[in-house]
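Chain residues, written in single-letter form:
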Amino acid sequence: LIGGYAQQGQWEEALKCFDRMQRKGLCPDVVSFVCVLKAAGSARAIDEGKKIHKEIVNRGFLPEDITLATSLVDMYAKCGVVVKAQQVLNELPVKNVVTWNALIGAYGQNGYVKRCLETFDELMVSHDHHMAKPNNISFSCVLSTCADMCLLGYGKKIHAYIIECSMETDVMISSALINLYGKCWRLEEAQSMFDTLHERNVVTWNSIISAHSLYGNAKQVTEIFEQMKIEGVKPNESTMVSILEACSMSKALKEGEIVHASVIQMGYEKFPIVGNALINMYAN
């Protein structure tokens, strides 16, 4: 039941359910704690998270259970308490790639750019390489940070390593690379990456649309949007926001109205993020 509430995004109910379980005298197991930590992290309920952490320690589940430790790192990361996330990681005798990824993501999302890159470097030289070899999530997290901070040099170093590992065709990684080159004003490189892909999903298309949107070229963006639909990839709300931003920047009212029609047709008009983008486009 706790897991069900957590999966449905009903974080407060999951936490209440966990409390009721304990009041009835039932001892939580590892699965209980993993589920409730997910709820605490997503609800940004740091006080609840700390209480759960203390109980886990008292029951002697740490540091042996790496799944539980990873959930703790993730909970602290989502709550923005990266110092505690790092502490939990440091105390683990063995670390897996999921644990490392949670910490890399935590530093990146909370603006600790230097620590994000340093943690990724630590993962790269980890002695537990059979357990903790960088995967597509590791690369995507650190490339996202590089893109946001326009760290092209470091991003290119990671790209070189990705090629060395023959992981460039991974859809998640290629989307992150397109995003990196787009945000670092290397549109030709972003487009070249996109053109060479054999497999494209909505995230990949969104990355190249977002890259072109930065230049405010509404005509180019709407052409890519049409091609995306021709290839049978369904746009999502992020797609529409990027296209509307391009229309807004270039004051392309005609293209904006066409996109608005598509928004209505696909039922995205009631999404607040899309509604805001439409208001902004018409205002501009």
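Residues numbered from 1 in each chain as written. Predicted model: local features only at pLDDT ≥ 70, side-chain atom pairs only at ≥ 80, totals over all residues. Heavy atoms only, no water.

Let us look at the confidence of the model for the protein chain. Overall, the prediction assigns the protein chain a mean pLDDT of 92, with 98% of residues at 70 or greater. Across the protein chain, the element-wise mean pLDDT spans from 88 in helix α7 (residues 97–109) up to 96 in helix α17 (residues 272–283). (pLDDT = per-residue confidence, 0-100. Helix = DSSP H or I, 4+ residues; strand = E, 2+ residues; numbered from the N terminus.)

So, about the side chain of His 53. Tracing the sequence through the fold places His 53 in helix α4 (residues 46–58). Overall, the relative accessible area of 11% leaves His 53 in the buried class. Setting aside anything within four residues of it in sequence, one finds His 53 in contact with Leu 62, Leu 72, Tyr 76, Lys 84 and Val 88. (Buried < 20%, exposed > 50% of the residue type's maximum accessible area, 1.4 Å probe, protein only. Contact = heavy atoms within 4.5 Å.)

A word on the environment of Val 171. Among the structural elements, Val 171 can be located in helix α11 (residues 171–183). Taking the C-alpha atoms as reference points, Val 171 and His 198, 27 residues apart in sequence, are found 9.4 Å from one another. Excluding residues within four positions of it along the chain, Val 171 makes contact with Glu 199, Asn 201 and Thr 204.

What follows covers the pattern of salt bridges. Under the counting rule described, the total for this entry stands at 13 salt bridges. A salt bridge links Asp 148 to Lys 183, with the nearest nitrogen and oxygen atoms 2.9 Å apart. A residue pair is termed long-range when its members are at least 10 positions apart, and Asp 148 in helix α9 (residues 136–148) and Lys 183 in helix α11 qualify at 35 residues. Judged by relative accessible area, which is 48%, Asp 148 ranks as partly exposed. The exposure class of Lys 183 is partly exposed, given its relative accessible area of 32%. By sharing partners, the salt bridges in this structure join Lys 114, Arg 115, Glu 118 and Glu 122 into a single network. (Salt bridge = Lys/Arg side-chain N within 4 Å of Asp/Glu carboxyl O.)

Even without glycine at this site, Ser 166 takes up a positive phi of about 55°. Relative to the helices and strands, Ser 166 resides in the loop between α10 (152–164) and α11. At Trp 185, a residue that is not glycine, the phi angle is positive and equals roughly 60°. Relative accessible area serves as the criterion here: at 48%, Trp 185 is assigned to the partly exposed category.

Ile 52, Ile 158, Leu 177, Leu 180 and Val 274 are the most contacted members of the largest nonpolar core, which has 84 residues in total. The element that contributes the greatest number of residues to this core is helix α5 (residues 66–78), accounting for seven residues. Not counting chain neighbours up to four residues away, the residues in contact with Val 274 comprise Glu 237, Met 240, Val 241, Leu 244, Val 263 and Tyr 268. (Core = buried A, V, L, I, M, F, W, Y, C linked by side-chain atoms within 4.5 Å.)

Looking now at the packing of aromatic side chains. Two descriptors summarise a pair of aromatic rings, namely the distance from one centre to the other and the angle between the planes of the rings. What the rule picks out here adds up to eight aromatic pairs. With a centroid separation of 4.8 Å and an interplanar angle of 75°, the aromatic rings of Phe 194 and Trp 205 are classed as edge-to-face. Of this pair, Phe 194 sits in helix α12 (residues 187–195) while Trp 205 sits in helix α13 (residues 202–213); the two residues are eleven residues apart in sequence, bridging distant segments of the chain. Of the two residues, Phe 194 and Trp 205, both sit in the buried class. These aromatic residues form a ring-pair network of at least three members: Phe 18, Phe 33 and Phe 61. Here the guanidinium or amino end of Arg 200 rests over the ring plane of Phe 194, the centre of that ring lying 4.2 Å away. (Phe/Tyr/Trp six-rings, centres within 6.5 Å; stacked < 30°, edge-to-face > 60°. Lys NZ or Arg CZ within 6 Å of the ring centre and 35° of its normal.)

Right, let's talk about the packing of α4 against α5 for a bit. In the contact formed by α4 and α5, the axes pass within 10 Å of each other and the chain directions differ by 160°. Relative to α5, α4 is oriented roughly antiparallel. Note on packing geometry: the crossing formed by α4 with α5 is left-handed. On α5, the residues that touch Ile 46, Gly 49, Lys 50, His 53 and Ile 56 of α4 are Leu 68, Leu 72, Met 75 and Tyr 76. (Axes fitted to C-alpha atoms, helices over the stretch in contact; angles between N-to-C directions. Parallel < 35°, antiparallel > 145°, perpendicular 65-115°, else oblique. Left-handed = near helix turned anticlockwise from the far one by under 90°.)

With that settled, consider the packing of α11 against α13. Two elements in contact, α11 and α13, have axes separated by 9 Å at closest approach and are oriented at 5°. It follows from the interaxial angle that α11 and α13 lie roughly parallel. Contact with α11, carried on its side by Val 171, Ser 175, Ile 178, Asn 179 and Gly 182, involves Val 203, Thr 204, Ser 207, Ile 208 and Ala 211 of α13 and no other residues of that element.

So, about the environment of Ile 178. Residue placement: Ile 178 occurs in helix α11. For the pair Ile 178 and Ser 248, spaced 70 residues apart in the sequence, the C-alpha separation amounts to 22 Å. Here Ile 178 is in contact with Ala 190, Met 193, Phe 194, Leu 197, Thr 204, Ser 207 and Ile 208, once residues within four sequence places are set aside.

Below, the discussion takes up the state of the cysteines. Scanning the entire structure with this criterion turns up zero disulfides. In this structure Cys 27 is a free cysteine whose sulfur lies 16 Å from that of Cys 17, the closest cysteine sulfur available. Residue Cys 27 is classed as exposed on the basis of its relative accessible area, which comes to 56%. (Disulfide = S-S within 2.5 Å.)

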